[in-house]
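Commentary on secondary and tertiary structure
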Amino acid sequence: MLDRTRLADLRAAEEERFGTTHPRSAELAARARGPLLAGVPMPWMTRWPGRFPLFFESASGARLVDVDGREYVDLCLGDTGAMTGHALPQVADAIATRARTGLTTMLPSADAIWVGEELARRFGLPTWQLAMSATDANRFVLRFARHLTGRPRVAVMDWCYHGTVDETLAVLDGDRVAPRPGALGPQVDVADTTAVVAFNDADALDRRLAEGDVACLLMEPALTNIGIVLPEPGYLDAVREITRRHGVLLVIDETHTLCTGPGGATAAWGLDPDLVVVGKPIGGGVPCAAYGMSAEVAERLTGPMLDHEIDVAGVGGTLTGNALALAAIRATLSTCLRDEDFAVAVPLAERFAAGVAGVIAEHDLPWHVQRLGCRAEYWFCPPPRDGAAAAAAVDEELEGFLHLWCLNRGVLLTPFHNMALFSPAHTPADVDRHTEVFAEALDALLG
């Protein structure tokens, strides 16, 4: 059992250290509370450890420097948005060139063809469309699925996260579908739009889809946003068989599971979805996303896409597919997220997992480290098999302490996860620094 009083005292000491060593961030945070809601441009930025947000000055490769001049090994990487590493020169050059020749015109560029062909090569689905974010891509795909099937509901995994898509902010409360805790102002009751099933439970999925009202199943092939929950052997094969048998389109969201390889889990694990969504990492930090589809789905959608009123179909956006985003995606995918890049990043994640596991074993703790490609995460429990178990295992006091301890010693983890993400810009020394800091934290906490 953890000594919670000792944990609270250590956290208080770390908060004091954070405040003392980040005076410029404190000054900017106080100023930001006037013009910015909660003092930040996006609400989730309040989730970083410390009593005020850390303001950054620059980021390059695997390093980040804050406004107080303190440097960090960045194991967050924009929660996969900078999975390639920060400030890619090739992306900067592409952005500069495109800025001088036009950023957005409502017309396609030649880059669009290259991007579609490259995504098809990587993921194995032949036809693609662009979006501004994975949230948008998921939202558009759900509309397409309802249109194609004539069915009203979508299915998701319990405790999933697919961005700010209304239908996906749902969990199971017993046998009842309920809004996910924290979801603000749902426009309709999610029980009217959404079916929810537990991850790794093929029988439950079969029973629910048998009701015949579900248009598509939107899922990550491994849960990531509630922590890494891996599929059990045979589960994803069962999902594909069940969805086909019930006439339900299978949509794989690869926004985070792209960490498994150049074509995500779809390619790495030989999946066969009807549609795939991929977001943040493909633009090297520039906002963009894409969704691909099978030849059959593309053929069925071609008619509606050519309809005179497609511009008001609820799919698109004036800046979607803009020339800037496409230039950034081309620059990124032509030079990054390749086999040779994962050959560097994945062993670093393996080294991280081994280092953390060794420290846990030294203290004889019932904790666990989970790894997915170049992404790794530690749990304060044995590995969960579904989202509900993962959510129940969250220990916000302990997690907050460890995050702040690491931050105060120059290591950034992803907020609201105990997750580390690795790029080719990281080094074994970066990994070992985290292992050292993690060990010091447990020594201080446990003696």
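The shown structure was predicted, so the numbers you read here are calculated from the model rather than taken from an experiment.

Take the packing of aromatic side chains next. Evaluation of the coordinates by the stated rule reveals ten aromatic pairs. Chaining the aromatic ring pairs together yields one cluster made of Trp367, Tyr378, Phe380 and Phe438. The lysine or arginine in question, Arg409, covers the ring of Trp405, its NZ or CZ lying 3.5 Å from the ring centre.

The subject of this paragraph is the pattern of salt bridges. Counted under the stated rule, the structure contains 27 salt bridges. Asp341 is paired through a salt bridge with Arg338; the nearest N and O atoms lie 2.9 Å apart. Relative accessible area serves as the criterion here: at 13%, Asp341 is assigned to the buried category. Through salt bridges with shared partners, a single ionic network connects Arg153, Arg208, Glu211 and Asp213.

The next thing to look at is the packing of helix 5 (residues 134-149) against helix 9 (residues 295-305). Packing of helix 5 against helix 9 brings their axes to within 11 Å, and their N-to-C directions diverge by 95°. Taken together, the axes of helix 5 and helix 9 are roughly perpendicular relative to one another. Contact residues: helix 5 offers Phe144, His147 and Leu148, while helix 9 offers Val297, Arg300, Leu301, Pro304 and Met305. In terms of residue class, the contact of helix 5 with helix 9 is built from six nonpolar, one polar and one charged.

It is worth spelling out the sheet that holds strand 15 (residues 411-412) at this point. Overall, mixed pairing links the four strands, which are arranged 1-2-3-15 in an open sheet. Since the sheet does not close on itself, it has two edges, and those belong to strand 1 (56-60) and strand 15, each with one partner. Bridge count between strand 3 (residues 71-74) and strand 15: two bridges; the pairing is parallel. By the bridge assignment for strand 15, Val73 is matched with Val411.

So, on to the pairing of strand 8 (residues 194-197). Residues in a regular strand point their side chains to alternate faces of the sheet. Burial along strand 8 is two-sided: Thr194 and Val196 and Ala195 and Val197, pointing in opposite directions, are all buried. Inspection of the sheet shows strand 5 (residues 153-157) paired to strand 8 by four bridges, in the parallel sense. Following the sheet pairing, Val154 is matched in strand 8 by Thr194.

Within strand 5, four of the five residues are buried, leaving the element largely enclosed by the surrounding structure. Direction of pairing for strand 5 relative to strand 9 (residues 214-219): parallel, over a ladder of four bridges. Bridged to Arg153 within strand 9 is Val214.

This part takes up the packing of helix 3 (residues 89-101) against helix 10 (residues 323-333). The axes of two packed helices give the description: the angle between them and the distance between them. Relative to each other, helix 3 and helix 10 sit at 150°, their axes nearing to 9 Å. It follows that helix 3 is roughly antiparallel to helix 10 by the angle criterion. Viewed along their axes, helix 3 and helix 10 form a crossing whose handedness is right-handed. The segment helix 3 lies against helix 10, with Gln90, Val91, Ala94, Ile95 and Arg98 engaging Ala323, Leu324, Ala327, Ala328, Ala331 and Thr332.

A few words on helix 10. For helix 10, a buried count of nine out of eleven residues is recorded, marking the element as mostly surrounded by other parts of the structure. Along helix 10, the residues classified as buried are Ala323, Ala325, Leu326, Ala327, Ala328, Ile329, Ala331, Thr332 and Leu333. Where helix 10 is buried, its residues contact helix 3, helix 4 (110-123) and strand 4 (127-131). At the N-terminal end of helix 10, a side-chain oxygen is found 3.0 Å from the backbone nitrogen of Leu324, two or three residues along, and the residue is Asn322.

Our focus in this paragraph is the side chain of Arg208. Summarising the element assignment, Arg208 is placed in helix 6 (residues 202-209). Residue class for Arg208 comes out buried when judged on its relative accessible area of 17%. Excluding residues that lie within four positions of it along the chain, Arg208 makes contacts with Arg153, Ala195, Val197, Asp213 and Val214.

The subject of this paragraph is unusual backbone geometry. Even without a glycine there, the phi angle at Asp79 is positive, about 50°. Along the chain, Asp79 falls in the loop between strand 3 and helix 3. Even without a glycine there, the phi angle at Thr80 is positive, about 90°. Along the chain, Thr80 falls in the loop between strand 3 and helix 3. Using a relative accessible area of 0% as the deciding quantity, one classes Thr80 as buried.

Right, let's talk about helix 6 for a bit. Three or more residues of helix 6 are buried, namely Ala202, Ala204, Leu205, Arg208 and Leu209. Taken down its axis, helix 6 places every buried residue within 160° of arc, on the same side. Exposed side chains of helix 6 directed beyond 90 degrees from the buried face belong to Asp203 and Arg207. The opening residue of helix 6 is Asp201, an N-cap whose side-chain oxygen sits 3.4 Å from the backbone nitrogen of Asp203.

Of all hydrophobic cores here, the largest spans 134 residues; its most connected members are Met219 and Tyr291. Looking at this core element by element, the count peaks at ten residues for helix 11 (residues 339-362). Residues Phe18, Tyr72, Leu407 and Leu412 belong to the second largest nonpolar core, which totals eight residues.

Reading guide: rules and limits
Residues numbered from 1 in each chain as written. Predicted model: local features only at pLDDT ≥ 70, side-chain atom pairs only at ≥ 80, totals over all residues. Heavy atoms only, no water. Phe/Tyr/Trp six-rings, centres within 6.5 Å; stacked < 30°, edge-to-face > 60°. Lys NZ or Arg CZ within 6 Å of the ring centre and 35° of its normal. Salt bridge = Lys/Arg side-chain N within 4 Å of Asp/Glu carboxyl O. Buried < 20%, exposed > 50% of the residue type's maximum accessible area, 1.4 Å probe, protein only. Axes fitted to C-alpha atoms, helices over the stretch in contact; angles between N-to-C directions. Helix = DSSP H or I, 4+ residues; strand = E, 2+ residues; numbered from the N terminus. Parallel < 35°, antiparallel > 145°, perpendicular 65-115°, else oblique. Contact = heavy atoms within 4.5 Å. Nonpolar A, V, L, I, M, F, W, Y, C, P; charged D, E, K, R; others polar. Pairing = 2+ DSSP bridges. Left-handed = near helix turned anticlockwise from the far one by under 90°. Polar contact = N/O pair within 3.5 Å; in protein donor to acceptor, adjacent residues only side chain to side chain. Arc of directions from axis to C-beta. Core = buried A, V, L, I, M, F, W, Y, C linked by side-chain atoms within 4.5 Å.

Honestly, that's just the spatial picture; any functional story needs more than this.
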